[in-house]
Amino acid sequence: MSKVTIYHNPRCSKSRKTLSLLEDLELEVEVINYLQTPPNSERLKDILSKLGIKARELMRRKETLYVELGLAKESLTEEQLINAMSDNPILIERPIVIHKTKCAIGRPPENVLSIL
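Residues numbered from 1 in each chain as written. Predicted model: local features only at pLDDT ≥ 70, side-chain atom pairs only at ≥ 80, totals over all residues. Heavy atoms only, no water.

Below, the discussion takes up the pattern of salt bridges. Under the criterion given, the structure shown has 8 salt bridges. Salt-bridge contacts for Glu79 lead to Lys45; the nearest nitrogen and oxygen are separated by 3.1 Å. Highlighted residues: Glu79 in helix α4 (residues 78–87) and Lys45 in helix α2 (residues 41–51), separated in sequence by 34 residues. The exposure class of Glu79 is partly exposed, given its relative accessible area of 38%. One salt-bridge network, held together by shared partners, links Arg60, Glu63, Glu93 and Arg107. (Salt bridge = Lys/Arg side-chain N within 4 Å of Asp/Glu carboxyl O. Helix = DSSP H or I, 4+ residues; strand = E, 2+ residues; numbered from the N terminus. Buried < 20%, exposed > 50% of the residue type's maximum accessible area, 1.4 Å probe, protein only.)

In protein chemistry, a disulfide is the covalent bond that joins the sulfur atoms of two cysteines. Counting across every chain of the model gives 0 disulfides. Between Cys12, a cysteine without a disulfide, and Cys103, which holds the nearest cysteine sulfur, the sulfur-to-sulfur distance is 15 Å. By relative accessible area, which is 9% here, Cys103 ends up buried. (Disulfide = S-S within 2.5 Å.)

Below, the discussion takes up the side chain of His99. Inspection of the secondary structure puts His99 in strand β3 (residues 96–99). Reaching out from His99, the side chain makes a polar contact with the backbone oxygen of Ile115 at a distance of 2.9 Å. (Polar contact = N/O pair within 3.5 Å; in protein donor to acceptor, adjacent residues only side chain to side chain.)

This paragraph deals with the nonpolar core. Formed by 22 residues in total, the largest nonpolar core has its most connected members in Ile47, Leu58, Met59, Met85 and Ile96. When residues no more than four places from it in sequence are discounted, the contact partners of Ile47 are Tyr7, Leu58, Ile96, Ile98 and Cys103. Formed by 10 residues, the second largest nonpolar core is a distinct cluster that contains Ile6, Leu19, Leu22 and Leu27. (Core = buried A, V, L, I, M, F, W, Y, C linked by side-chain atoms within 4.5 Å. Contact = heavy atoms within 4.5 Å.)

Okay, the sheet that holds strand β1 (residues 4–8) next. Reading across the sheet, the 4 strands line up as β2-β1-β3-β4 and stay open at both edges, with mixed pairing between neighbours. Each edge of the open sheet is held by one strand with a lone partner, namely β2 (29–33) and β4 (102–105). Here the strands of the sheet are splayed against their neighbours by 20 degrees on average, with no regard to which way each runs. As paired elements, β3 and β4 share 4 bridges and run antiparallel to each other. Its bridge partner being in β4, Ile98 is matched across the sheet by Cys103. Those strands touched by α2 are β1, β3 and β4, and its axis lies near 90 degrees from that of β4. (Pairing = 2+ DSSP bridges. Axes fitted to C-alpha atoms, helices over the stretch in contact; angles between N-to-C directions.)

All right, on to the packing of α2 against α4 then. Put simply, α2 and α4 touch, their axes get as near as 9 Å, and they point 115 degrees apart. One element, α2, and the other, α4, form an angle in the roughly perpendicular class. Along this stretch, α2 crosses α4, giving a crossing that reads as right-handed. For the pair formed by α2 and α4, the contact residues are Ser41, Leu44, Lys45 and Leu48 on the first element and Glu79, Ile82, Asn83, Met85 and Ser86 on the second. Tallied by class, residues from the contact of α2 with α4 come to 4 nonpolar, 3 polar and 2 charged. (Parallel < 35°, antiparallel > 145°, perpendicular 65-115°, else oblique. Left-handed = near helix turned anticlockwise from the far one by under 90°. Nonpolar A, V, L, I, M, F, W, Y, C, P; charged D, E, K, R; others polar.)

So, in structure tokens, the structure goes:
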């Protein structure tokens, strides 16, 4: 089986459970701590395309920073929202798992099984 990539936050219980699930399946897992190594705008666009969602749907809207940056404004473009996530990765929903051309958010962790 090919490698699976997880955008992971070790402080997040859902992210830890998703990583554990992938490891239990004995998959080759590339772990990216996205708070230390955030995806750039192009990578985020690719992830959004694979998920089939808009940028706002990938954002953690309950984060204080979301409000502080005024990201709830409906007038903001996809590009502006994507740039905000790239510049402030804490805003990105987690964990994100990528396998080949498919992508899933591990909330709940079992969601990722559909792309393996």
